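Listed below, chain by chain, are the residues.
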Amino acid sequence: MSDIAAAGVRPAWRGSLSAGAGAARGAPDARRLLQLVLAGIWLLDGILQYQGFMYTKGFSDMLAGTASGNPGVIARPITWDATLVQHHLVLLNSVFATIQLLLGLGIAWRPTVRPALAASVAWSLGVWWFGEGLGMVLTGDINLVSGAPGAVILYALLAVLLWPSDRGSPAPFAAARAVGAPAARALWLVLWLSLAYFALLPSSRAPQGLHDMLAGMEDGEPGWVAGLARGGAAVVAHQGLAASIVLAIALVIIAVGVYLPPPALRATLVLALVVAAVIWAFGEAFGEIMAGGATDPNSAPLLALLALCYWPARTAVAAAVLPAAGEGAIAS
Amino acid sequence: MTPSWLLDIFAAIMLVVAAVSAARLVAAPAWRVGRGAALADIDVAHLLMAIAMAGMLATSLQTLPNGAWEVVFAVMTAWFGYRVVRDAQLSGFRALAGGHCAPHLIHAASMLYMFAALDMPVAHGSGGMAGMGGMGGSMGTLEYPTLAFVFTLLLIGYSTWDLDQLSGPGAGGHYSLATRPTPAPVLAGVAAAGAAGAEAASAGAAGPDASGPDGADPVPPAVGSGPADGQGRGVLAPWVAISCRIAMGVTMAFMLVIMI
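Residues numbered from 1 in each chain as written. Chains lettered and ligands numbered in written order. Predicted model: local features only at pLDDT ≥ 70, side-chain atom pairs only at ≥ 80, totals over all residues.

Considering the overall build of chain A
Helix and strand counts for chain A come out as 17 helices and zero strands. Considering only contacts within chain A whose residues lie at least 6 apart along the sequence, 66% involve residues at least 24 apart. (Helix = DSSP H or I, 4+ residues; strand = E, 2+ residues; numbered from the N terminus. Contact = placed C-beta atoms within 7 Å.)

In C-alpha cells, the structure reads:
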C-alpha cells in the first residue's frame, strides 16, 4: 500500500508535528516542514543582508564591535575580518547576502537539502565567530533576552538535528531522527541549561539591567513595538534579580523537560514556545527588523523552531499511553 | 544604500518573468479555448506585477503612474480575494495553506501596499514613479513597517513552500504541486484522473471551479501534472508559472525589506 493510500482520509495538505508521519505527496513530513521553516529564516537573513545599512561603514563597525571583550585569539581575527569587510564592503556584503539567500533556497529545494544544510553549518560557525564574537559568551557581557548565545549558532544546531537521515528505530521526536534520542536530548539539555546560566550572569541580574535593555529597544520601532518594550521595561524596573531568577527557573524546567514522558514534555515545550515568544516580542523587538538594519530575526524564533523539533511524535505518545500491543498496531 | 546594480539584477529577473508570462498568455489560447479563460488571470497577474516591480527597481523601466498601479493592484487584490473565498468555500482554510490563489492574493496585496505606503513625497503628485524608481540612489521608505514585515514573512513562507513542492517527488519527477487540498486517496488517483486535472494544471493554477471527472470533488489541478498530461509543455508547463511566482515572491520580499 502506498504512503498516500495508507494516509487514509487525512487531508494530504496537512503536515503533522509527528516525526515520521505519513509523507503523502505534496505533504512534507514533520521534519521537512521544520526544514522549510529553517529555509525561510535563512532566506529572510539573506534578504536582510541586502539592506542599505549593510552597505555602510556601520556594518563593518558592527562586526568590529564584537571583538570587544573577547580574548585576543578570538578578537584578532574578528578585527581583521571587519577591516577586510570595510575595504571591500559592497563586494563582500553582496557575497554574504547571496550565500545566505542560496542557503535558504538550497534547503527548500529538495535535491540540494543535504549540501545546503552542511554548508549552513559551516557558514553559521564562521558567522558566529567573525560576525557575533562567539555570541559574546566569553565576555560575560551576555544576556539571553537580547539574543544570547547568538542566533547563528542555533542555525547550525538546527541543521544538525534536521539532517535528512534516519537511524532506523522510530524516533520519539523529529530532532532525534538524525542524531538519535540520547544525543538530541543532551544537546537540548546543554543549550537550555546554558541559557539558564546566562540568565543569572551579573549583567542580567543587575537591578536595572533588564529594564535598561528593554527600554533601549524602542528606538526606530513602530509605536506598538516600542510600547511593548516600554511596558516590559516598566514591569522589570528594579526587578532585575527577581526576573532573572524566574527566567532561570523556567529555563531549567524546559531543559529537563526533554527527559519527561510525552505529556509533560509537551507542557515544557509549550513553556519554551511561550518564553521564546515573550523574548522575541519584549526583549528582541521582533529582531528589530521593523526598525531597519537587522541582520536576522534574532534567537527567539530559532528557539521556538528548536522546541518544535522536540515535539513528541505520535508513536512516542502511543508508546507512553498504550500497552505494547497497541503500540505495534499504531506504528504499523 | 543598496547598490543600484543589485537592484538592476532584480529588475532584470522581473523582466524575464514578464516576458515568460507574456509568452504564456500568447501561447495559451490554443489549448485554453473552452477550458476556463479565468486561468489566464495568474499569468496576467505575473505580467503586471513583474512590470511594476521592474519599474520600482530601475528608474528607466518605469511605466505607469503610482496611482494607476494602485488601482491595478487594488482590483487584482479584490479578484484574488474573491477566488480565495471561493476556494475556502470548497476546501475550508486549506485553501489558504495549499491553494493556488492565496499566494497570488498575498502578492497582489503586497504590491498594493508598496505603492500605497511608499513614503516618498516626490513620487506623490508627480506624473510618474520618479520617486519610487531609483531606490538605490534615493531609498524610499514604507509607512506601516509592521505590514511590510508581515508581508515579507508571508512571501518567504509561500516561496519556500513552492520550492519544496516544485522539487518534490511528483509524477512528473520535477514538480508535484499540491495546489488543492484534497483527501489523500483522491490524491493517489490523480494521475489516473488525467486530463480533467490537467486542464487546470496546465496553467499551473487551480481554478475555483475545477472539479473531478464526476464533478463531485475538486481535483487538485496541478498535482502530478506534467508533460505526460499532453498539455502544459514548454513555457506552459506548470513549473514555469511556479518558478515565476517564486522569483516574484523573493524579489517582492527583498523590496519590502530594503524599503522598511
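Right, picking up where we left off after that structure.
Focus on the overall build of chain B
Per the secondary structure count, chain B includes 11 helices and two strands. Moving toward the C terminus, one meets the helices and strands of chain B in the order α-α-α-α-α-α-β-β-α-α-α-α-α. Evaluated residue by residue, chain B yields a buried proportion of 60% over its 260 residues. Summarising the internal contacts of chain B: among those between residues at least 6 apart in sequence, 75% fall at separations of at least 24. (Buried ≥ 20, exposed ≤ 12 C-beta atoms within 10 Å, placed from the backbone.)

Points about the packing of helix α3 (residues 40-57) of chain B against helix α11 (residues 238-258) of chain B
Packed helix pairs are specified by the crossing angle of their axes together with the interaxial distance, meaning the distance between the axes. All names here are of chain B. Across the interface, α3 lies against α11 with an axial gap of 11 Å and an inter-helix angle of 35°. Of the two possible hands of crossing, α3 and α11 adopt the one that is left-handed. Contacts between α3 and α11 involve I42, H46, M49, A50, M53 and M56 from the first element and A241, C244, M248, T251, M252 and M255 from the second. (Axes fitted to C-alpha atoms, helices over the stretch in contact; angles between N-to-C directions. Left-handed = near helix turned anticlockwise from the far one by under 90°.)

Quick word on helix α2 (residues 30-49) of chain A
With 20 residues, α2(A) extends 29 Å from end C-alpha to end C-alpha; this agrees with the ideal 28 Å at 1.5 Å per step. The buried fraction of α2(A) amounts to 18 of the 20 residues, a majority that puts the element mostly inside the structure. (Expected span 1.5 Å × (residues − 1).)

A closer look at the packing of helix α5 (residues 89-108) of chain A against helix α6 (residues 113-130) of chain A
Residues and elements named next belong to chain A. With their axes 8 Å apart at the nearest point, α5 and α6 run at an angle of 145° to one another. You can see that α5 and α6 cross each other, and the crossing is left-handed. Every residue of α6 that contacts α5 at I99, L103, G106 and I107 is listed here: V113, P115, A116, L117, A119, S120 and W123.

Side note on the confidence of the model for chain A
On average, chain A scores 85 in pLDDT, and the residues at 70 or more come to 86%. Segment residues 1-25 of chain A: pLDDT under 50, and 75 contacts once partners within four positions in sequence are set aside and those in other chains are kept. (pLDDT = per-residue confidence, 0-100.)

Things to note about the environment of A117(B)
Residue and element names in this part refer to chain B. Mapped onto the secondary structure, A117 falls in helix α6 (residues 101-117). When the 17 C-beta atoms within 10 Å are taken as the criterion, A117 is described as partly exposed. In this structure the C-alpha to C-alpha distance between A117 and E143, which are 26 residues apart in sequence, comes to 5.1 Å.

What to know about the environment of M1(B)
Tracing the sequence through the fold places M1(B) in the segment before α1 (4-27). Taking the C-alpha atoms as reference points, M1(B) and I258(B), separated by 257 residues in sequence, lie 9.1 Å from one another.

Observations concerning unusual backbone geometry
Backbone geometry follows two general trends: most residues other than glycine have a negative phi, and most peptide bonds adopt the trans configuration. Here the bond from A148(A) into P149(A) is cis, since omega is 5°, no more than 30 degrees from zero. At E288(A), a position not held by glycine, the phi torsion is positive, near 60°. Here E288(A) shows up in the loop between α14 (262-283) and α15 (299-309). Its identity as a non-glycine residue notwithstanding, Y144(B) has a phi of 55°, on the positive side. Mapped onto the elements of the fold, Y144(B) is located in the loop between β2 (141-142) and α7 (145-166). With 14 C-beta atoms packed within 10 Å, Y144(B) lands in the partly exposed category.

Considering the confidence of the model for chain B
All names here are of chain B. A residue-level look at chain B finds 62% of positions with pLDDT of 70 or above and a mean pLDDT of 73. In this model residues 122-138 is a low-confidence stretch, pLDDT under 50, and it forms 42 contacts with partners more than four residues away in sequence or in other chains. In the predicted structure, residues 171-230 sits below a pLDDT of 50 and forms 170 contacts with residues beyond four places in sequence or in another chain. For this predicted complex, the interface confidence score (ipTM) comes to 0.85, while the overall pTM stands at 0.82.

Overview of the environment of A304(A)
Residue and element names in this part refer to chain A. In this fold, A304 is placed in helix α15. Judged by local crowding, A304 falls into the partly exposed class, with 19 C-beta atoms found within 10 Å. Counting along the chain gives 272 residues from A304 to R32, while the straight-line C-alpha distance between them is 16 Å. Ignoring any residue separated from it by four or fewer positions in sequence, one finds A304 in contact with L273, A276 and A277.

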